[in-house]
Amino acid sequence: MSKHELLDNVTHRRLRVHTIYGPNRGYDFNIARAFPSELPNLQREYPLFFVKNLESGHFEPTALLGFAEHENLYLTDSGWDAEHIPLTVQRQPFLIGFQDRLLEGIAQQVPVTHIDVEHPSVSVSEGIPIFLPQGGESPYLDRIHSILAAIYAGHEAARSLSQILVGLELIESITVNVEFENGTKHSLEGLYTVNDEKFRGLRANGLEALHSRGHLQDVYMMLASLLNVKRLVARKNRRLSDLRSAT
Amino acid sequence: MRELAGRPPQALLQCLATEQTPVVIRAAASHWPLVQASLVSSASAMAYLLGFYRGAPVHAFVAEAQHDGRIFYTDGLANTNFQQVKTTLPGLLDRIRDGEARADSPTIYMGSAALEHVLPGIAEANSWPLEGGESTVRVWIGNQTTVAAHYDALDNLAVVCAGRRRFTLFPPAQLANLYVGPIDFTPAGQAISLVNFDQPDFALHPRFAEALSHAVTAVLEPGDAIFIPCMWWHHVQALAPFNVLINHWWREAAPHMGPPGDALLHAILNIRDLPPAHRRAWQGIFNHYVFEPGAQVADHIPVARRGPLGPIDEDCARKMRALLRANLNR
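Visitor: Describe the overall build of chain A, listing the residues and the values that go with them.
Guide: Helix and strand content of chain A: seven helices and 13 strands. Its C-alpha atoms give chain A principal-axis dimensions of roughly 60 × 60 × 25 Å. Across the 247 residues in chain A, those meeting the buried criterion constitute 45%. Summarising the internal contacts of chain A: among those between residues at least 6 apart in sequence, 70% fall at separations of at least 24.

The following block contains the structure:
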């Protein structure tokens with residue numbers, strides 16, 4: 001369940017956010033949307049795919065965190081087991097909303113901060129206060145604002161990446177088949193990646209188009225990250241063997 | 001109200017801004033193509049406007065007919081008596097056209113839209129270039145409306161381009177006699193007089209009689225301009241089924257200067273509720289440093305050490321802003 005409200009220092013004056021990642025804390029999901037600026041960091045630890053946004057039709061970079069719907073293999077009892085955490089995870093329980101405003105006589109939509117007051121990390125008793133005693137913005141909220149700003153900027157970069165990859169016909173659907181050490185098999189649908197062969201066959205024009213928009217590196221990052229599928233399977237196997245030794 | 005005739009040359013504007021008295025300049029803009037078109041028919045004025053439109057979204061206020069076009073609050077100031085809608089210029093003009101045929105049409109009103117944003121290119125032949133300082137040109141389109149008396153912190157040269165408008169102006173000092181409403185919940189950004197000018201209730205608002213004795217009024221026809229000095233209260237009624245106004249706002253202020261109203265809010269927060277003796281001392285301090293600054297403020301301090309007490313340059317303003325921002329955030 002979630003309930004999004006425009007954040008303000010009167011309605012939400014007492015709210016705190018505990019920033020500890022753990023099971024049943026609102027982070028039990030198996031994919032996290034990612035943005036081009038964070039791909040170099042994420043590709044070292046997460047398998048990255050594209051997921052098609054059915055509303056916009058764009059292909060959005062996404063980190064795979066687990067194989068079943070609520071399985072997050074990076075989530076442990078002692079925190080988030082990775083050096084870099086995707087911005088869309090770090091932003092929780094906050095999100096970007098939009099408000100219609102007339103600024104300098106110009107009707108425009110301005111980004112504003114929303115909070116999911118039903119998020120398990122939000123309470124009046126546990127964690128870091130969002131606001132200072134007199135209603136000022138805490139350093140924690142400052143940090144959230146810069147994360148939301150990076151995400152806001154990331155949307156444009158992600159749109160641009162999707163458009164050029166679609167234009168160059170480099171995106172292909174992929175089925176990820178994995179087998180765990182207990183013999184169970186799993187197959188993931190609905191994921192897309194860059195067609196390696198077509199990418200390697202790109203002529204100067206295509207490469208130049210990717211490079212000039214800063215997306216050549218994004219493609220390399222996406223492709224390199226695929227090796228992490230193996231490491232994700234290893235995480236799953238460790239969980240399975242922990243489970244066995246516990247019983 | 002003082003009246004002049006003919007086009008306002010730049011020198012006249014300078015002089016008006018210095019004098020700070022309201023003036024009507026008849027037929028000042030009668031040569032503007034928009035004014036010419038509106039003199040033919042409202043349909044031709046609408047067609048002229050649409051010729052410049054490139055699809056920018058606009059915000060408009062929509063109110064039920066029962067409010068007689070008064071952009072105001074509901075009973076008990078619980079809410080505003082209008083809805084804000086996001087529309088397009090053709091959408092706005094359609095609603096006005098629909099209303100023209102009916103006696104009890106809903107109010108539709110687009111206020112203070114940036115002219116060059118909504119109608120790119122129209123300003124060239126339908127506004128005056130203003131030199132120096134900050135300036136902005138806005139367009140106001142609607143049917144019969146009443147905007148309650150309020151002030152703006154800018155000098156204003158407004159031109160009726162279509163329809164008719166009645167302006168009722170009061171000097172800034174009439175503040176206490178106008179029964180001004182909330183400063184934090186306003187219909188369109190500025191605090192307004194709560195007096196119903198059409199049916200004043202002198203039992204409820206007795207001092208309004210005094211305000212009226214200081215009022216000046218004028219009805220403007222297409223092509224007429226009015227100079228509304230900064231901080232003068234103005235109550236504005238659009239009288240025709242289709243009204244267009246283009247106004248120029250400007251002030252001579254350095255780019256680092258923000259809205260004076262911010263300082264008022266800050267002073268209400270930090271000074272108003274001090275013990276009376278402290279407040280009186282601060283009144284003296286404000287007079288000394290802000291309202292009547294003279295040579296005695298800083299002449300005895302070495303120039304390099306005057307900081308905010310000397311002329312404020314950009315670096316000094318930046319430091320003050322950083323300090324204020326840090327102090328406010330607590």
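Visitor: Describe the sheet that holds strand 2 (residues 16-17) of chain A, naming the residues involved and giving the relevant values.
Guide: All names here are of chain A. Reading across the sheet, the three strands line up as 10-2-11 and stay open at both edges, with antiparallel pairing between neighbours. For this open sheet the edge positions go to strand 10 (122-123) and strand 11 (128-129), each flanked by a neighbour on one side alone. Two elements, strand 2 and strand 11, share two bridges in a ladder whose sense is antiparallel. Each residue of the ladder has a partner; that of Arg16, found in strand 11, is Pro129.

Visitor: Describe a nonpolar patch on the surface, listing the residues and the values that go with them.
Guide: All names here are of chain B. Side chains of Trp282, Ile285, Tyr289, Val290, Phe291 and Leu309 sit close together on the surface and give an oily, nonpolar patch of about 570 Å² of accessible area. Mapped onto the elements, Val290 comes out in helix 9 (residues 276-291). With relative accessibility at 46%, the residue Val290 sits in the partly exposed group.

Visitor: Tell me what's going on with the packing of helix 3 (residues 42-50) of chain B against helix 4 (residues 89-100) of chain B, and back it up with residues and numbers.
Guide: Residue and element names in this part refer to chain B. In contact at an axis separation of 11 Å, helix 3 and helix 4 are set at 175 degrees when each is read in the N-to-C sense. By the angle between their directions, the pair helix 3 and helix 4 is classed as roughly antiparallel. Facing Ser42, Met46, Leu49 and Leu50 of helix 3, the residues of helix 4 in contact are Leu89, Pro90, Leu93, Ile96, Arg97 and Glu100. Split by residue class, the contact of helix 3 with helix 4 holds seven nonpolar, one polar and two charged.

Visitor: Break down the environment of Ala158 of chain A for me, citing the residues and quoting the values.
Guide: Residue and element names in this part refer to chain A. Topologically, Ala158 is positioned in helix 3 (residues 139-167). Its relative accessible area of 3% is what places Ala158 among the buried residues. As a C-alpha pair, Ala158 and Thr184 span 26 residues in sequence and 35 Å in three-dimensional space. When neighbours within four sequence positions are excluded, Ala158 is seen to be in contact with Arg33, Phe35, Pro36 and Pro61.

Visitor: Any chance you could break down the packing of helix 2 (residues 33-40) of chain B against helix 3 of chain B for me, citing the residues and the numbers?
Guide: Residues and elements named next belong to chain B. Direction vectors running N to C along helix 2 and helix 3 enclose 145 degrees, while the axes themselves pass 5 Å from each other. Between helix 2 and helix 3, the residues in contact are Pro33, Leu34, Ala37, Ser38 and Val40 and Ser42, Ser44, Ala45, Tyr48 and Leu49, respectively. In terms of residue class, the contact of helix 2 with helix 3 is made up of seven nonpolar, three polar and no charged.

Visitor: For unusual backbone geometry, give the residues involved together with the corresponding values.
Guide: Residues and elements named next belong to chain A. Between Gln92 and Pro93 the backbone carries a cis peptide bond, its omega angle lying at 5 degrees. Summarising the element assignment, Pro93 is placed in the loop between helix 2 (87-90) and strand 8 (94-103). Residues other than glycine seldom take positive phi values, yet Asn24 does so here, at roughly 60 degrees. Counting through the fold element by element, Asn24 comes out in the loop between strand 2 and strand 3 (31-33). The backbone of Glu169 sits at a positive phi, close to 55 degrees, despite the residue not being glycine. Relative to the helices and strands, Glu169 is located in the loop between helix 3 and strand 12 (171-179).

Visitor: Can you tell me about the interface of chain B and chain A, naming the residues and giving the values?
Guide: Contact with chain B, which involves twelve residues of that partner, is made by 14 residues of chain A. Both faces considered, chain B and chain A share a buried interface measuring about 1000 Å² in area, 53% of it formed by carbon and sulfur atoms. Considering only the side of chain B, the residues that lose the most area to chain A are His59, Asn329 and Arg330 of chain B, jointly responsible for 50% of the buried surface there. Taken together, the connections running from chain B to chain A amount to two salt bridges. Inspection of the region where chain B meets chain A yields six residue pairs in polar contact (both at pLDDT 80 or more). Top contributing element to the side of chain B that touches chain A by residue count: strand 6 (residues 107-114) of chain B, with four residues. Taken together, the residues that form the side of chain B that touches chain A break down as four nonpolar, five polar and three charged.

Visitor: An account of the environment of Pro171 of chain B is needed here, citing residue identities and associated values.
Guide: Its location among the elements puts Pro171 of chain B in the loop between strand 10 (165-170) and helix 7 (208-212). Those residues in contact with Pro171 of chain B that sit more than four places away from it in its chain are His214, Trp232 and Trp233 of chain B.

Visitor: Go over the side chain of Asp155 of chain B, please, and point to the residues and values.
Guide: Residues and elements named next belong to chain B. Relative to the assigned elements, Asp155 resides in strand 9 (residues 155-162). Of the side chains with opposite charge, Arg251 lies nearest to the buried Asp155, which makes no salt bridge, at 9.6 Å. Reaching out from Asp155, the side chain makes a polar contact with the side chain of Gln20 at a distance of 2.9 Å. Those residues in contact with Asp155, other than ones at most four positions away along the chain, are Ala17, Gln20, Phe227, Ile228, Pro229, Cys230, His248, Trp249 and Trp250.

Visitor: Tell me about the sheet that holds strand 8 of chain A, and please be specific about residues and values.
Guide: All names here are of chain A. Read across the sheet, three strands follow the order 1-9-8 without closing on themselves; strand pairing throughout is antiparallel. One side of each edge strand has no neighbouring strand; the edge strands of this open sheet are strand 1 (4-6) and strand 8. The average angle at which neighbouring strand axes cross in this sheet is 40 degrees, direction not considered. Across ten bridges, strand 8 lies against strand 9 (residues 106-116) in antiparallel orientation. Across the sheet, the residue bridging to Gly97 is Val112, located in strand 9.

Cut-offs used in this document
- Residues numbered from 1 in each chain as written.
- Chains lettered and ligands numbered in written order.
- Predicted model: local features only at pLDDT ≥ 70, side-chain atom pairs only at ≥ 80, totals over all residues.
- Heavy atoms only, no water.
- Helix = DSSP H or I, 4+ residues; strand = E, 2+ residues; numbered from the N terminus.
- Buried < 20%, exposed > 50% of the residue type's maximum accessible area, 1.4 Å probe, protein only.
- Contact = heavy atoms within 4.5 Å.
- Pairing = 2+ DSSP bridges.
- Patch = residues over 30% accessible without salt bridge, like charges linked within 9 Å, V, L, I, M, F, W, Y side chains within 5 Å.
- Areas by Shrake-Rupley, 256 points an atom, 1.4 Å probe, with all protein chains shown as cover.
- Salt bridge = Lys/Arg side-chain N within 4 Å of Asp/Glu carboxyl O.
- Axes fitted to C-alpha atoms, helices over the stretch in contact; angles between N-to-C directions.
- Parallel < 35°, antiparallel > 145°, perpendicular 65-115°, else oblique.
- Nonpolar A, V, L, I, M, F, W, Y, C, P; charged D, E, K, R; others polar.
- Buried area = accessible area lost by both parts, 1.4 Å probe.
- Polar contact = N/O pair within 3.5 Å; in protein donor to acceptor, adjacent residues only side chain to side chain.
- Lys, Arg positive; Asp, Glu negative; His and termini not counted.

The analysis is restricted to geometry; functional conclusions fall outside its scope.
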